[in-house]
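# Structural overview
Residue strings, one per chain:
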Amino acid sequence: QTDMDRLTFLLEAEAELALFGDEQLSAQAADEQRRYVTNYIGSKQKLIDFIWENTPDDARAVADLFSGSSVVGFMFKQKGKAVTANDKLRYCYHIARAIIENPGETITDDEIAALLADNPQAGDFVRKHFAGIYFSEGVHGIIDSIRANIDKLPADGFKRDIALFALGKSCITGKGGFGHFGTTIPHGDRQDSPERFKQRFADNVHTINSLAFDNGQPCRAACADIMDVGPQVKADLAYFDPPYATHFSQTNYERSYHFIEGLMTYWDGKEIIEGTKTKIYRIEKSGMTKTNAANFFRDFLGACVHIRNWIISYRDQAYPTENEVKRIIADLGRDVSLKSKDHHYQISAK
């Protein structure tokens, strides 16, 4: 009858639930606890509510075709949608395998201990090629060892994807880094150590474990160029978060994450370019530029004309321009509306 009565009821109900539990409410609480936090460049983590608000009510199957960190695809999975997550980068593919396609498989504490165990048979690629950069002394060998231990996990299933995701995430958040590998200039005074790196890896595995669940819908991950996978996708909504060229730079995520991308295959078939400060491997000269931006949009949207609805995350001060995007969409026979939200991207933790 009063606010105080209501408050008393809520407090008592919370206490009883804590004591006795309730399966349905526990499941709901578990879903609410699946908070996926990412530090991937350009992540739409802070925009997922805005994206969801503008999602068609009748969309049941969603294709996230530049999945990146999979933060948007994961949101759609939590909303009960069938999700296809695609990205041509291997690291992004393992992320999508671990939290989109994975119906609930996790890594045990014993398996985490085995992944962190010393491995005398491990390779020395990281120690040899990246000595003195990106990580504190002693961490390079830990990365070599964990990566070798990951190869002992079963090739089928999702444990290997979880471990690779956790290892990549642990490297991205290493000492003094910018969250990417486009520079070796350190910033900040946060110290790292082999033990701290190991603990971060274990914590990341536990976090990713908590994101693995079955939403009752068919979900899958793909690792392909959008021009190849787009025409094959069966969905009633396509979400596009393509790379953009800005007034200041062109976008090439493989260059920004070359260390992580190389680590996924332990640089198999990749040639480190000698003399480069960042120790980058040879990457095909591609990426979004002012010159090719409009044609790129026209091509990937044209490959997905069979998908009824599109949501495109667009950023201002970029190419193609807003009017060019609208014109491309109109030429493909679609109506287009623009919804705006103020959002400021920061490339580093600061």
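These remarks concern the structure in this document. (Residues numbered from 1 in each chain as written. Predicted model: local features only at pLDDT ≥ 70, side-chain atom pairs only at ≥ 80, totals over all residues. Heavy atoms only, no water.)

### A word on the nonpolar core
With 70 residues, the main nonpolar core has Ile99, Ile143, Cys171 and Phe259 as its most contacted residues. Not counting chain neighbours up to four residues away, the residues in contact with isoleucine 143 comprise Val126, Phe135, Leu167, Cys171, Phe197, Phe259 and Leu263. Ranked by size, the runner-up nonpolar core spans 24 residues in total, among them Ala63, Ile226, Ala235 and Phe240. (Core = buried A, V, L, I, M, F, W, Y, C linked by side-chain atoms within 4.5 Å. Buried < 20%, exposed > 50% of the residue type's maximum accessible area, 1.4 Å probe, protein only. Contact = heavy atoms within 4.5 Å.)

### A short note on the pairing of strand 2 (residues 82-86)
Among the five residues that make up strand 2, five are buried, leaving the element largely enclosed by the rest of the structure. The two faces of strand 2 match: Ala82, Thr84 and Asn86 on one face and Val83 and Ala85 on the other face are all buried. One ladder, built from four bridges, connects strand 1 (residues 61-64) with strand 2; its direction is parallel. The partner of alanine 61 across the bridge, within strand 2, is alanine 82. Handedness of the strand 1-helix 4 (residues 71-78)-strand 2 crossover: right-handed. Inspection of the sheet shows strand 2 paired to strand 3 (residues 220-222) by three bridges, in the parallel sense. (Helix = DSSP H or I, 4+ residues; strand = E, 2+ residues; numbered from the N terminus. Pairing = 2+ DSSP bridges. Right-handed = clockwise from strand over helix to strand, strands pointing away.)

### As for the packing of helix 6 (residues 109-116) against helix 8 (residues 139-150)
Contact pair helix 6 / helix 8: the axes reach a minimum separation of 7 Å and the direction vectors enclose 130°. As judged from the angle between their axes, helix 6 and helix 8 are oblique. Together, Ala114, Leu115 and Leu116 of helix 6 and Ile146, Asn149 and Ile150 of helix 8 make up the contact between the two elements. (Axes fitted to C-alpha atoms, helices over the stretch in contact; angles between N-to-C directions. Parallel < 35°, antiparallel > 145°, perpendicular 65-115°, else oblique.)

### A few points about the pattern of salt bridges
Two side chains of opposite charge can pair, provided their charged atoms sit close to one another. By the definition in use, this model includes 11 salt bridges. The salt bridge partner of arginine 97 is aspartate 161, with a shortest N-O separation of 3.0 Å. With arginine 97 in helix 5 (residues 90-101) and aspartate 161 in helix 9 (residues 159-172), the pair connects residues that are 64 residues apart, well separated along the chain. Each member of the pair arginine 97 and aspartate 161 is classed as buried. Three or more residues joined by partner-sharing salt bridges are found here, namely Arg97, Glu101 and Asp161. (Salt bridge = Lys/Arg side-chain N within 4 Å of Asp/Glu carboxyl O.)

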